[in-house]
Amino acid sequence: MTSSSVLLIGDHNRTYTVKLACTEITPDLEEESLKWLKKQLPRHTKVNLKPKGSLNGVLVAKVIPFDSKIDITEKYINEGLATNKC
């Protein structure tokens, strides 16, 4: 992870940079948000991606862990670590 709203997601032979859709994180919450995100999505966590578009060549998508039906952005907002920008 390079930031609290951009993930590096890979399968067996490719990696993708994915920006979380509808997520805005204030700079003062960046470090706390990154720690929270790493807890929610540790390495090798399987996720579903629901693409919403792209921004400067980066896929923008909703990210939903397999063991949940809740988009990680919604969890972020509920924790007070992000705001919804959609």
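The structure under discussion appears in the preceding block.
Just so we're clear, the structure is a prediction, and the values are computed from it rather than from any experiment.

About the criteria used
Residues numbered from 1 in each chain as written. Predicted model: local features only at pLDDT ≥ 70, side-chain atom pairs only at ≥ 80, totals over all residues. Heavy atoms only, no water. Helix = DSSP H or I, 4+ residues; strand = E, 2+ residues; numbered from the N terminus. Buried < 20%, exposed > 50% of the residue type's maximum accessible area, 1.4 Å probe, protein only. Arc of directions from axis to C-beta. Pairing = 2+ DSSP bridges.

1. Quick look at unusual backbone geometry
If a residue is not glycine, its phi is most likely negative; likewise, a peptide bond is most likely trans.
Right, on to step 1. Non-glycine residue H44 carries a positive phi angle of around 75°.
Right, on to step 2. Counting through the fold element by element, H44 comes out in the loop between α1 (30-40) and β4 (47-55).
Right, on to step 3. A positive phi is found at N56, a non-glycine position, where the angle reads about 55°.
Right, on to step 4. Assignment of secondary structure puts N56 in the loop between β4 and β5 (58-65).

2. Considerations on α1
Right, on to step 1. All of the buried residues along α1 are S33, W36 and L37. Summarising the axial view, the buried residues of α1 lie within an arc of 100°, below the 170-degree limit, and thus occupy one face. The exposed set on the far side of α1, more than 90 degrees from its buried face, consists of E31, K35 and K39.

3. Concerning the pairing of strand β2 (residues 15-20)
Right, on to step 1. With five bridges joining them, strand β1 (residues 6-10) and β2 adopt antiparallel strand pairing. Within β2, the residue paired with L8 across the bridge is T17.
Right, on to step 2. The turn joining β1 and β2, which pair antiparallel and follow one another in sequence, is formed by four residues.
Right, on to step 3. Relative to β5, β2 is paired through three bridges, and the arrangement is parallel.

None of this, on its own, says anything about what the molecule does.
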